[in-house]
Amino acid sequence: MGTYPRLPCRTVLVFLFLVLFYGASVSSYISATNESDIRGSQALYDCDQCHHTKEQDIFLTRVHSSPDEKDIDIIATYSDASGHFQLARLKMRDLSDSWIWENPTNENNEHQTRSQELVESFPTDSRFKDTPKLSIGEKISKENRVKSTHSLSLTPMKIKRRMMRQERRKARAAALLQQDKETENHIVSGAVERSEGFHTTKKGKYSIWRVEYENPNSDSTLKLMRDQIIMAKAYSNIAKSMNKTVLYSVLVKHFKESEQAIGEANSDAELQPGAFDQAKAMGHILSEAKDQLYDCPLVARKLRATLQSMEDNVNVQRKRSAFLIQLAAKTVPRQLHCLPLQLAADYYLQGYHKKGSLDDQKIEDPSLYHYAIFSDNVLATSVVVNSTVQNAKDPEKQVFHIVTDKLNFAAMRMWFLVNPPANATIEVQNIDDFKWLNSSYCSVLRQLESARIKEYYFKANNPSSLSAGSDNLKYRNPKYLSMLNHLRFYLPEVYPKLNKVLFLDDDIVVQKDLTPLWSVDLKGMVNGAVETCKESFHRFDKYLNFSNPLISKNFSPKACGWAFGMNMFDLIEWKKRNITGIYHRWQDMNEDRTLWKLGTLPPGLITFYNLTYPLDRGWHVLGLGYDPALNLTEIENAAVIHYNGNYKPWLNLAVSKYQSYWSRYVMFDNPYIRVCNLS
């Protein structure tokens, strides 16, 4: 065993003397300090987290007398992560700047008491393992020492900061709850809108929740059965050629039963209840037929013949569909035919034909906003006028010039006499009253008198079938023969005292105030229109015959096209540039229809070539009469929407999702509308 070195007796005595002297000095200093001085000693605080953590209760004891000295010794008692008590000794100069001294003597007594109670109320953690058991006297002595040392207190500034933090937490929690509620309401409203848009008449086609979740294989059984029918027909032809009558009869029986099970189904949900069993039975029969009849070259020939037959049928149906669409688009529905008849009868029976014309003061005032509408459709014209007036900021400054034919003049005038738009001015004219519009002046009227044009438009080579006449039907469209369609090229003659006119078709709907168009600077151009060209579409080469040298020498095939339907015409520039004369010259050169086929847009593109100012696309959105895939946002933001095409909004052919934009301006409560069952 090792031995410890022995210290000299004199050294031991000196060490004990120093210890006793130091203890006596400290004891005398503590006894000399009264209780108020102890409470006035400076307290140190660190971050707020140190005050809130129950496991770390730090008591700071001031050892030296002056808080200003940088070499103050601080003894800190705390509990570590394992729950054991630990002691630490540090210097005042080692503390960070975030620690502050505070003199509790300047605080009110209520705050001192509350701070002292807060410190003394901290519960003792039972996890302190190595703390030795103390006797009753030692416990009392320890409590006195704790009380004699300065305890951890809370300042008013820190209490205020704590309250502010709590208020911010509450405000943030309330904001998050409100945000969650708004998000939930938005989701619910969106779900309701989507559910209202579902087409429920076709069962099984859409998911009751969302279209995105529709089963992509919802028609797998239907496709399988259709393929089985094709193979059964091919094998039945082979069986018949090989005199296998029993197999032939079975195949014919099964593919007919499969056709009955399919019916008009477009998905598996629309199939007959026993369709799946029928597909299984057909599979067994086809397996037997394959074992008996399969010959690869022979089956391939049969399938090619079937494919060719199907292509021929598709072409026939396509031509028939085109013919019927053209016919339906040009046929006047019974309800629309009823409306002008009722109006015309009351016009004469109730004496409205005896009423004089309107005051010419507003009709010829160039400072007002003038619109030109040339139409024989009373209902469509009323929608154009109603939508324009309802969206106008100054309805009393809107003047509408409506020109119709002799057949519809009474009905058109009667409608606007009994249904005058609020504060707006309406003028209805009969095109037959324009005596200057005759064959000696108008090229189109002169051409219609020729036998060749009558043969072209009316007989159309006497087609013997629907499919044969589908290509020529569009040439017999009455609008291409009507002077109402060509009257747009004679605006200065119709309105000689006006400076500007906004031309509107009868198949448009106005959704915004159009009066700002009168302040658009056309830069010396005659026609203000929205261009329709996109990449290679709707350019001049689509409308004109550039194989003709007259066209190829004077125009560019890549020139951008524009649309009739909403056009601002400067009649002063029109007269200067003799636009009507340009139109007459090109119309005379196209008497044999070699420059363009039909319509008013091709001669319009020629007449206003390099004389058209492009308007912003937001003024005029086209395609609602033929394109079901238009952007709904563009439609809703447009000033004018145009139902150009065959699917007019007043026909059953109309695209259903576009009809509401037009029907909202129809006066369904009008007695004439109700009598004719227009809904």
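Student: Hey, could you run me through the sheet that holds strand E11 (residues 527–529) in this one?
Tutor: In any sheet, the strands associate via hydrogen bonds between backbone groups, in a parallel or an antiparallel arrangement. Strand order in the open sheet formed by seven strands is E8-E7-E6-E9-E12-E11-E13, with mixed pairing between adjacent strands. Edge positions in the sheet fall to strand E8 (425–430) and strand E13 (612–614), since each has one partner strand and no second. On average, each strand axis in the sheet is tilted by 25° relative to the strand beside it, whichever way the strands run. Packing against the sheet, helix H13 (residues 378–390) makes contact with strand E6 (369–374), strand E7 (398–404), E8 and strand E9 (500–504), and its axis sits at approximately 175° to E7. Most of the contacts of helix H14 (residues 409–418) go to E8, to which it runs at about 170°, and overall it touches E7 and E8.

Student: How do you make sense of the environment of Met566 when you look at a structure like this?
Tutor: Mapped onto the secondary structure, Met566 falls in strand E12 (residues 566–570). By relative accessible area, Met566 is classed as buried at 0%. Spatially, the C-alpha atom of Met566 lies 9.9 Å from that of Val510, the residues being 56 residues apart in sequence.

Student: I tried to follow the side chain of Thr388 on my own but got confused; where do I start?
Tutor: Relative to the helices and strands, Thr388 is located in helix H13. Residue Thr388 is classed as buried on the basis of its relative accessible area, which comes to 2%. Every residue in contact with Thr388, bar those within four places of it in the chain, is listed here: Tyr371, Phe400, Leu504 and Val510.

Student: Sorry if this is basic, but what is going on with helix H11 (residues 334–349) here?
Tutor: Turn by turn, an α-helix covers 3.6 residues, leaving residues three or four places apart pointing in a common direction. For H11, with 16 residues, the first-to-last C-alpha span of 23 Å sits near the 22 Å given by 1.5 Å per residue. Taken residue by residue, H11 has Leu336, Cys338, Leu339, Pro340, Leu343, Asp346 and Tyr347 as its buried positions. Buried residues in H11 make contact with H13, H14 and helix H27 (671–675). Backbone geometry just after H11 places Gly351 at a positive phi near 80°.

Student: In this structure, what is going on with the pairing of E7? I would like to understand it.
Tutor: For a regular strand, the rule is simple: side chains alternate between the two faces of the sheet. Taking burial as the measure, the seven residues of E7 include seven buried ones, the bulk of the element. When E6 meets E7, the two strands line up parallel, connected through six bridges. If you follow Tyr369 over to E7, its bridge partner there is Gln398. The parallel pair E6 and E7, bridged by H13, forms a crossover whose chirality is right-handed. Pairing of E7 with E8 involves six bridges; the strand directions are parallel. From the neighbouring strand, Thr404 faces E8, where its bridge partner is Asn430.

Student: Hey, could you run me through the state of the cysteines in this one?
Tutor: Put plainly, two cysteines are in a disulfide when a covalent bond ties their sulfur atoms together. Scanning all chains against the criterion turns up two disulfides. Paired through a disulfide, Cys338 and Cys676 show a sulfur-sulfur distance of 2.1 Å. Measuring handedness by torsion sign, the sulfur bridge of Cys338 and Cys676 sits at about -75° and is left-handed. Remark: Cys676 occurs in the segment after H27 and Cys338 occurs in helix H11; sequence separation between them is 338 residues. Note on cysteine connectivity: Cys533 is disulfide-linked to Cys560, with sulfurs 1.7 Å apart. Taking the torsion about the sulfur-sulfur bond, which here is approximately -100°, the covalent link between Cys533 and Cys560 counts as left-handed. With Cys533 in the loop between E11 and helix H20 (540–543) and Cys560 in the loop between helix H21 (549–554) and E12, the pair connects residues that are 27 residues apart, well separated along the chain. Take Cys533 and Cys560: they sit in the same class, and that class is buried. Disulfide partners in the protein chain, listed by the sequence order of the bonded cysteines, are 1-4, 2-3.

Student: I would appreciate a short explanation of the packing of helix H7 (residues 220–241) against helix H9 (residues 275–293) in the present structure.
Tutor: For any two helices packed against each other, one specifies the crossing angle of their axes together with the interaxial distance. Their axes nearest at 10 Å, the elements H7 and H9 cross at an angle of 35°. Two packed elements cross with a definite hand, and for H7 against H9 that hand is left-handed. Judged by residue contacts, Thr221, Met225, Gln228, Met231, Ala232, Tyr235, Ile238 and Ala239 of H7 engage Ala275, Phe276, Gln278, Ala279, Met282, Gly283, Leu286, Ala289, Lys290 and Leu293 from H9.

Student: In this structure, what is going on with the packing of H7 against helix H8 (residues 245–262)? I would like to understand it.
Tutor: As a packed pair, H7 and H8 sit with axes 9 Å apart at the nearest point and diverge in direction by 155°. Considering their axes alone, H7 and H8 lie roughly antiparallel with respect to each other. By crossing handedness, the relation of H7 to H8 is classed as left-handed. Here Leu222, Met225, Arg226, Ile229, Ala232, Lys233, Tyr235, Ser236, Ala239 and Lys240 of H7 lie close against H8, whose contacting residues are Tyr248, Leu251, Val252, Phe255, Ser258, Glu259, Ala261 and Ile262. Of the residues belonging to the contact of H7 with H8, the class tally is 12 nonpolar, two polar and four charged.

Student: Would you mind showing me how to read the sheet that holds strand E10 (residues 508–510) here?
Tutor: Strands sit in the order E10-E15-E14 across an open sheet of three strands; the sheet is mixed. The open sheet terminates on both sides in strands that have one partner only, identified here as E10 and strand E14 (620–621). Bridge count between E14 and strand E15 (residues 640–642): two bridges; the pairing is parallel. The partner of His620 across the bridge, within E15, is Val640.

Student: I keep staring at unusual backbone geometry and nothing clicks. Help me out?
Tutor: Note: most peptide bonds trans; most residues except glycine with negative phi. If you check the backbone angles, Asn610 has positive phi at about 60° while not being a glycine. Assignment of secondary structure puts Asn610 in the loop between helix H24 (601–607) and E13. Unusually for a residue other than glycine, Asn677 sits at a positive phi of about 55°. As for its position among the elements, Asn677 is in the segment after H27.

Student: In this structure, what is going on with the nonpolar core? I would like to understand it.
Tutor: Residues Leu339, Leu502, Leu514 and Leu517 are the most contacted members of the largest nonpolar core, which totals 62 residues. Non-local contacts of Leu339, meaning those with residues more than four positions away in its chain, are made with Val378, Leu379, Trp415, Tyr672, Ile673, Cys676 and Leu678. Among the nonpolar cores identified, the runner-up in size contains 42 residues, and Leu571, Tyr583, Leu595 and Trp596 belong to it.

Student: Sorry, what's going on with the pattern of salt bridges here?
Tutor: Pairing between side chains of opposite charge can happen when their charged atoms approach one another. Across all of its chains, the model carries eight salt bridges by this definition. The salt bridge involving Lys497 is made with Glu364; its shortest N-O contact spans 3.1 Å. Taken together, the residues Lys497 in the loop between helix H19 (491–494) and E9 and Glu364 in the loop between helix H12 (360–363) and E6 connect sequence positions 133 residues apart. Here Glu364 falls in the partly exposed class, since its relative accessible area comes to 34%. Its salt-bridge partner being Asp588, residue Arg446 comes within 3.0 Å of it at the nearest N-O pair. A residue pair is termed long-range when its members are at least 10 positions apart, and Arg446 in helix H15 (residues 443–448) and Asp588 in helix H23 (residues 579–589) qualify at 142 residues. Assessed through its relative accessible area of 35%, Arg446 is described here as partly exposed.

Student: Explanation requested: the packing of aromatic side chains in the structure shown.
Tutor: Summed over the entire model, instances satisfying the criterion amount to 23 aromatic pairs. Judged by centre distance (6.2 Å) and plane angle (90°), the ring pair of Phe489 and Phe564 falls under edge-to-face. You can see Phe489 sitting in the loop between helix H18 (483–486) and H19 and its partner Phe564 sitting in the loop between H21 and E12, a full 75 residues away along the chain. Over the face of the ring belonging to Phe564 we find Arg488, whose NZ or CZ atom lies 4.7 Å from the ring centre.

Student: Would you take a moment to explain the pairing of E12 for this structure?
Tutor: Of all five residues in E12, five are buried, a share of seventy percent or more. Neither face of E12 is left uncovered, since the one carrying Met566, Met568 and Asp570 and the one carrying Asn567 and Phe569 both have all their residues buried. In this sheet, E12 lies alongside E9 in antiparallel orientation, the contact comprising five bridges. Among the inter-strand pairings, Val501 is bridged to a residue of E12, identified as Phe569.

Conventions and cut-offs
- Residues numbered from 1 in each chain as written.
- Predicted model: local features only at pLDDT ≥ 70, side-chain atom pairs only at ≥ 80, totals over all residues.
- Heavy atoms only, no water.
- Pairing = 2+ DSSP bridges.
- Helix = DSSP H or I, 4+ residues; strand = E, 2+ residues; numbered from the N terminus.
- Axes fitted to C-alpha atoms, helices over the stretch in contact; angles between N-to-C directions.
- Contact = heavy atoms within 4.5 Å.
- Buried < 20%, exposed > 50% of the residue type's maximum accessible area, 1.4 Å probe, protein only.
- Expected span 1.5 Å × (residues − 1).
- Right-handed = clockwise from strand over helix to strand, strands pointing away.
- Disulfide = S-S within 2.5 Å.
- Left-handed = near helix turned anticlockwise from the far one by under 90°.
- Parallel < 35°, antiparallel > 145°, perpendicular 65-115°, else oblique.
- Nonpolar A, V, L, I, M, F, W, Y, C, P; charged D, E, K, R; others polar.
- Core = buried A, V, L, I, M, F, W, Y, C linked by side-chain atoms within 4.5 Å.
- Salt bridge = Lys/Arg side-chain N within 4 Å of Asp/Glu carboxyl O.
- Phe/Tyr/Trp six-rings, centres within 6.5 Å; stacked < 30°, edge-to-face > 60°.
- Lys NZ or Arg CZ within 6 Å of the ring centre and 35° of its normal.

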